[in-house]
Amino acid sequence: MLQPAKVKYRKMHRGSRAGLATRGNTVAFGEYGLQAMERCWMDTKQIEAARVAINRYMKRRGKVWIRVFPHKSFTKKPLETRMGKGKGPLESWVAVIRPANVLFEVDGVTEAIARECMRLAATKLPIRTRFIGRHKIS
C-alpha cells in the first residue's frame, strides 16, 4: 500500500477539501487520463485497486502513471469508546482529491484500450470521473 516513508507528525488535522484543483489538473505524462469530478479522501486501498485494474487490462503494453499520493493520515477512535481521552490511533493514509485532479495517466496503448482500462479503474473509485485526452476532452 502507498504511504509516506517518514512524516514529521503522525496525526494531522482534517484540513479543507474546498475549491477546485489548480495543480495536477492536466494530462502531463501520458496521452490519456482519468480526471476526478467530485471531491473525496481517496484511501490507499482504492488507489491500489484502480492501479491493479488498469495494469491487468493493459497486460504488459503501455505505461501507467499514478498522479495522486496519500500524504494525509486520518485517525479513528475504536468502536464503543466514550468521548474524550484524546485523538484516536492512526487508521489509514488518504489522498485529498478535488474536482479536476488527474488521478491516473496511460500511454503507449490505443484510445479504445485506454478508455476501457480507465472505465475499469473508475468502478473501483468512490467518485465520478471522466476520461480525458492530452489534446481533447471527451
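Here the structure is a predicted model, which is why all the values come from computation and not from measurement.

(A) A look at the sheet that holds strand E1 (residues 32–36). If you walk across this open sheet you meet the 4 strands as E3-E6-E1-E7, and the pairing is antiparallel. In the strand order of this sheet, the two ends are held by strand E3 (63–66) and strand E7 (129–133), each with one partner. Each strand of the sheet is rotated relative to its neighbour by a mean of 20°, with strand direction disregarded. Helix H2 (residues 111–123) contacts E1, strand E6 (102–107) and E7 of the sheet and is inclined by roughly 30° relative to E1.

(B) Focus on the packing of aromatic side chains. Counting across every chain of the model gives 3 aromatic pairs. Ring centres of Phe29 and Trp65 lie 6.1 Å apart, and the angle between their planes is 20°; this geometry places the pair in the stacked category. Here Phe29 is found in the segment before E1, whereas its partner Trp65 is found in strand E3, with 36 residues between them in sequence. Seen from their ring centres, Tyr32 and Phe131 are 5.5 Å apart, and the 20° between their planes marks the pair as stacked.

(C) Region of the structure containing the pattern of salt bridges. Inspection of the entire model under this criterion finds 5 salt bridges. Residues Arg51 and Glu48 are paired through a salt bridge, measuring 2.7 Å at the closest nitrogen-oxygen approach. Placement of both Arg51 and Glu48 in helix H1 (residues 44–58) is noted, with a separation of 3 residues, approximately one turn of the helix. On the accessibility criterion, Arg51 (25% relative accessible area) is partly exposed.

(D) Broad picture of H2. For H2, built from 13 residues, the straight-helix expectation of 18 Å at 1.5 Å per residue is met to within 8% by its first-to-last C-alpha distance of 18 Å. Residues Ile113, Ala114, Cys117, Met118, Ala121 and Ala122 constitute the buried set of H2. Down the axis of H2, the buried side of the element spans an arc of 170°, and every buried residue falls inside it. Summarising the geometry of H2, the exposed residues directed more than 90 degrees from the buried face are Ala112 and Thr123. Against E1, H1, E6 and E7 lie the buried residues of H2.

(E) Structural detail: the environment of Pro78. Counting through the fold element by element, Pro78 comes out in the loop between strand E4 (72–75) and strand E5 (90–97). Considering only alpha carbons, one finds Pro78 and Gly88, 10 residues apart in sequence, at a separation of 7.4 Å.

(F) Quick look at the pairing of E1. Among the 5 residues of E1, 5 are classified as buried, and the element is accordingly described as predominantly covered. Burial of E1 is two-sided: the residues Tyr32, Leu34 and Ala36 facing one way and the residues Gly33 and Gln35 facing the other way are all buried. The pairing of E1 with E6 spans 4 bridges and is classified as antiparallel. Within E6, the position partnered with Leu34 by the bridge is Phe104.

Procedures and definitions
Here the residue numbering is sequential within each chain, running from 1 through the sequence in written order. With pLDDT at 70 or above as the cut-off, local features in this predicted model cover only qualifying residues; side-chain atom pairs require 80 or more to be listed or tallied, and sums for whole chains, interfaces and linings still use all residues. Note that water and hydrogens are dropped before the side-chain values are worked out from all heavy atoms of the structure. The criterion for strand pairing is that DSSP finds at least two bridges linking the strands in question. Per the convention used, a helix needs a DSSP run of H or I reaching at least four residues, while a strand needs a run of E reaching at least two, with both numbered from the N terminus. In this analysis an axis means a line fitted to C-alpha atoms, helices contributing only their contacting stretch, and an angle means the value between N-to-C directions, from 0 to 180 degrees. Residues count as neighbours in contact if any of their non-hydrogen atoms are within 4.5 Å of one another. Within 6.5 Å between ring centres, the rings of Phe, Tyr and Trp (the latter by its six-membered ring) count as paired, and their orientation is classed by plane angle as stacked under 30 degrees, edge-to-face over 60, tilted in between. For this document, the term salt bridge refers to a Lys or Arg side-chain nitrogen within 4 Å of an Asp or Glu carboxyl oxygen. Relative accessibility thresholds used throughout: buried, under 20% of the residue-type maximum; exposed, over 50%; partly exposed, between the two (1.4 Å probe, protein chains only). Multiply 1.5 Å by the residue count of a helix minus one, and that product is the helix's expected span. In this description, one arc is meant: the one made by directions from the helix axis to the C-beta atoms.

Everything listed here is a matter of coordinates, which is why it stays silent on function.
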